Amino acid sequence: VIFETEGSQLVRVVPRSDVKNFNKDRIGNSFGENQVWTADVNDDGMPRYYALIHNVLSRKLFKMRISWLNSKNTSEFGDLNWVGCGFYKTSGDFRVGKHELNKNVNSFSQRVKWAKGPRGAIRILPSKGDVWALYKNWSNDWNQHTPDETIHKYEMVEVLTDYDEGK
């Protein structure tokens with residue numbers, strides 16, 4: 001186990017098997033109104049999207065009404081437009097997209113804590129007890145030309161302290 005400082009938080013790097021059993025939460029009864037869940041994408045199986053659950057329409061033949069959360073920029077984190085360079089935004093302020101029906105719980109990984117942000121945004125920031133994946137060799141020099149084999153290296157961490165914007 002390794003303890004590191006990541007920005008304004010202390011995190012504990014843990015082996016993957018010790019991090020969390022994501023499958024135990026991925027059942028129909030776990031989903032409810034006004035929850036935000038992470039969702040996997042196809043490129044490396046890591047959750048890179050968020051969905052807001054509006055309501056669960058059926059638990060027997062599972063069906064829920066969701067909206068994908070999106071962001072056009074990452075301006076709250078500095079000058080580089082990470083989204084414009086092809087990176088996924090994983091924290092900060094998100095906007096609620098169009099409503100759609102979803103019948104599949106398999107792409108969802110875990111429920112995340114959220115708060116209301118400015119102008120109706122949904123704010124997602126790491127907090128104590130959360131499990132997050134951090135880029136292994138992240139650099140300010142990364143851009144749209146950074147190879148996938150570099151970007152897809154990460155470490156699973158447990159967040160030990162809440163995010164503090166003042167630090």
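The rules behind each value
- Residues numbered from 1 in each chain as written.
- Predicted model: local features only at pLDDT ≥ 70, side-chain atom pairs only at ≥ 80, totals over all residues.
- Heavy atoms only, no water.
- Helix = DSSP H or I, 4+ residues; strand = E, 2+ residues; numbered from the N terminus.
- Buried < 20%, exposed > 50% of the residue type's maximum accessible area, 1.4 Å probe, protein only.
- Contact = heavy atoms within 4.5 Å.
- Areas by Shrake-Rupley, 256 points an atom, 1.4 Å probe, with all protein chains shown as cover.
- Phe/Tyr/Trp six-rings, centres within 6.5 Å; stacked < 30°, edge-to-face > 60°.
- Lys NZ or Arg CZ within 6 Å of the ring centre and 35° of its normal.
- Salt bridge = Lys/Arg side-chain N within 4 Å of Asp/Glu carboxyl O.
- Core = buried A, V, L, I, M, F, W, Y, C linked by side-chain atoms within 4.5 Å.
- pLDDT = per-residue confidence, 0-100.

Peer 1: Explain the overall build of the protein chain residue by residue, including any values.
Peer 2: A tally of regular secondary structure across the protein chain gives two helices and 11 strands. Starting at the N terminus and ending at the C terminus, the protein chain contains elements arranged as β-β-α-β-β-β-β-β-β-β-β-α-β. Buried residues in the protein chain amount to 36% of all 167 residues. Of all intrachain contacts in the protein chain linking residues separated by at least 6 positions in sequence, the fraction that spans at least 24 positions is 61%. A total accessible area of about 10300 Å² is found for the protein chain, and carbon and sulfur atoms account for 47% of it.

Peer 1: Let's hear about the packing of aromatic side chains: which residues, and what values?
Peer 2: On inspection of all chains with the given rule, the structure shows seven aromatic pairs. Between Phe-31 and Trp-37, the aromatic rings sit 4.1 Å apart at their centres with planes inclined by 25°, giving stacked as the arrangement. Judged by its relative accessible area of 1%, Phe-31 is buried. Between Phe-31 and Phe-62, the aromatic rings sit 5.6 Å apart at their centres with planes inclined by 55°, giving tilted as the arrangement. With a gap of 31 residues between them, Phe-31 in the loop between helix H1 (16-19) and strand E3 (35-40) and Phe-62 in the loop between strand E4 (47-58) and strand E5 (63-70) connect regions that are remote in the sequence. Joined through ring pairs, the aromatic side chains of Phe-31, Trp-37, Tyr-49, Phe-62, Trp-68 and Phe-108 make up one cluster. Geometry around Phe-94 places Lys-89 over its ring, the cationic atom sitting 5.2 Å from the centre.

Peer 1: Give a detailed account of unusual backbone geometry, specifying residues and quantitative values.
Peer 2: In this model, Asn-34 sits at a positive phi of 60°, which is unusual for a non-glycine residue. Take Asn-34: it is sitting in the loop between H1 and E3. The exposure class assigned to Asn-34 is partly exposed, which follows from its relative accessible area of 47%. Of note in the backbone geometry, Arg-119 takes a positive phi value of approximately 50° without being a glycine. You can see Arg-119 is positioned in the loop between strand E8 (115-116) and strand E9 (122-124).

Peer 1: Quick one: what's the story with the pattern of salt bridges, residue by residue and with numbers?
Peer 2: As a working rule, side chains carrying opposite charge can pair if their charged atoms are close by. The final tally for this structure, using the stated rule, is two salt bridges. The salt bridge involving Asp-93 is made with Arg-123; its shortest N-O contact spans 2.7 Å. Taken together, the positions of Asp-93 in strand E6 (residues 92-102) and Arg-123 in strand E9 put the pair 30 residues apart, joining distant regions of the chain.

Peer 1: For the nonpolar core, give the residues involved together with the corresponding values.
Peer 2: With 11 residues, the main nonpolar core is built from Val-36, Tyr-50, Leu-52, Leu-69, Phe-94, Val-112, Ile-122, Ile-124, Trp-132, Val-157 and Val-159. Elements with a minimum of two residues in this core: E4, E9 and strand E11 (154-159). Of all hydrophobic cores here, the second largest spans 10 residues; its members include Phe-31, Trp-37, Ala-51 and Ile-53.

Peer 1: Just give me the short version of the environment of Gly-117, but keep the residues and values in it.
Peer 2: Position of Gly-117 relative to the elements: it lies in the loop between E8 and E9. Along the sequence, Gly-117 and Phe-94 sit 23 residues apart, while their C-alpha atoms lie 8.4 Å from each other.

Peer 1: Can you lay out the confidence of the model for the protein chain for me, pointing to particular residues and giving the numbers?
Peer 2: Per-residue pLDDT for the protein chain has a mean of 78; in total, 74% of the residues score no lower than 70. The model gives residues 1-5 a pLDDT under 50, and that stretch makes 15 contacts with residues more than four places away or in other chains.

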